[in-house]
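What the coordinates show
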Amino acid sequence: MPRKTGPVAITLHHVAKENFGWLGNTLDALSADFDFIDPIEMEDINDIVSNKLLLTFDDGFMVQKKLADEVLAPRDIKAIFFIPSEFIGLRGEQAEKFAKTNFFPESNPPVLSAGGYNGMGWEDIRQLLGDGHSVGAHTATHPNLSLLTADHLSQEIVSSADRLERELSITINQFAYPFGSLKKVNVTAVKQASGRFNICYSNIRGMLTENIGTDFIYRQNIVPGMPLWLVKAAVEGRMDWWYRRSRLKAASLARAAMEV
């Protein structure tokens, strides 16, 4: 598939300490072709030029704070961290149980060293903000939103973001859907999210500005250890053909949410 043009967002989740070198090398290679977006620029998404790249992290693992300090800071790269409010401050067995139940309900969770599942605390998040990074909402408990009632959706989507705002004294206007797939959302969930946030992100492959509105923005998911040629194929849109049907369905979902 030919290379696409347009700004792109990358999604990362857990990046273990032993993969910090991989991440640094990957970011260095990408910086030859892309300028990294400060998440604040997303407020004017339609004005973002084609060679821009947004770095995002989902789930709020403590290791993400460490990589922000050790990998992102030396490169002056700012990212947005999407954090479930009920995961904040969890450590040890509590964190591991939450992660395995809510982040990996249908798959085998990775085997991590002691403390590997720990979540960031409130002070860690405040330090991220102080260093120029951004924070977005990611529900309260990272559920399958398609299974929830309207009231429960409101608690997960709206109330959790309100809590982040109160605790951090900031405005939360960006949101990432848990799992980010069409199977885990419905029209009601998208409607509630779009009514609360300016920008809502999925994990369907595509470029940032290929969306219908800003209710289900596409991102390119990459995983630790992914070879550079494959990372570049993702950010250049060469793997998007596999998600063509998903993007068509996502556009229909966004339109339906607008009409509800």
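Residues numbered from 1 in each chain as written. Predicted model: local features only at pLDDT ≥ 70, side-chain atom pairs only at ≥ 80, totals over all residues. Heavy atoms only, no water.

Our next topic: the packing of helix α5 (residues 150-168) against helix α6 (residues 187-196). Where α5 contacts α6, the axes come no closer than 9 Å and their chain directions differ by 25°. It follows that α5 is roughly parallel to α6 by the angle criterion. The handedness of the crossing between α5 and α6 comes out as right-handed. Where α5 approaches α6, its residues Ala150, Leu153, Ser154, Ile157, Val158, Ala161, Asp162 and Glu165 are matched on the opposing element by Thr188, Ala189, Gln192, Ala193 and Arg196. Grouping the amino acids of the contact of α5 with α6 by side-chain chemistry returns 7 nonpolar, 3 polar and 3 charged. (Axes fitted to C-alpha atoms, helices over the stretch in contact; angles between N-to-C directions. Helix = DSSP H or I, 4+ residues; strand = E, 2+ residues; numbered from the N terminus. Parallel < 35°, antiparallel > 145°, perpendicular 65-115°, else oblique. Left-handed = near helix turned anticlockwise from the far one by under 90°. Contact = heavy atoms within 4.5 Å. Nonpolar A, V, L, I, M, F, W, Y, C, P; charged D, E, K, R; others polar.)

Our focus in this paragraph is the pairing of strand β3 (residues 52-58). Of all 7 residues that make up β3, 7 are buried, and the element is covered over most of its length. Where burial is concerned, the two faces of β3 agree: the one with Lys52, Leu54, Thr56 and Asp58 and the one with Leu53, Leu55 and Phe57 are both buried. Inspection of the sheet shows strand β1 (residues 8-12) paired to β3 by 5 bridges, in the parallel sense. Considered in β3, the bridge of alanine 9 is made with leucine 54. Note that strand β2 (residues 35-36) and β3 share 2 bridges and pair parallel. Within β3, the residue paired with aspartate 35 across the bridge is lysine 52. In this sheet, strand β4 (residues 80-83) lies alongside β3 in parallel orientation, the contact comprising 3 bridges. When the sheet's bridge partners are listed, phenylalanine 57 is paired in β4 with phenylalanine 81. With respect to chirality, the unit in which β3 leads through helix α2 (residues 62-72) into the neighbouring parallel β4 is right-handed. (Buried < 20%, exposed > 50% of the residue type's maximum accessible area, 1.4 Å probe, protein only. Pairing = 2+ DSSP bridges. Right-handed = clockwise from strand over helix to strand, strands pointing away.)

Turning next to the nonpolar core. Among the nonpolar cores identified, the biggest contains 67 residues, and Leu12, Leu55, Phe57, Leu72, Phe81, Tyr177 and Phe197 are the most heavily contacted of them. If one sorts the elements of this core by residue count, α2 sits on top with 6 residues. Those residues in contact with tyrosine 177, other than ones at most four positions away along the chain, are His138, Leu145, Val185, Ala189, Val190, Ala193, Cys200, Tyr201, Ser202, Asp215 and Phe216. The next biggest cluster of nonpolar side chains, apart from the first, holds 13 residues, and it includes Met42, Ile45, Phe82 and Ile199. (Core = buried A, V, L, I, M, F, W, Y, C linked by side-chain atoms within 4.5 Å.)

In short, geometric facts, not functional conclusions.
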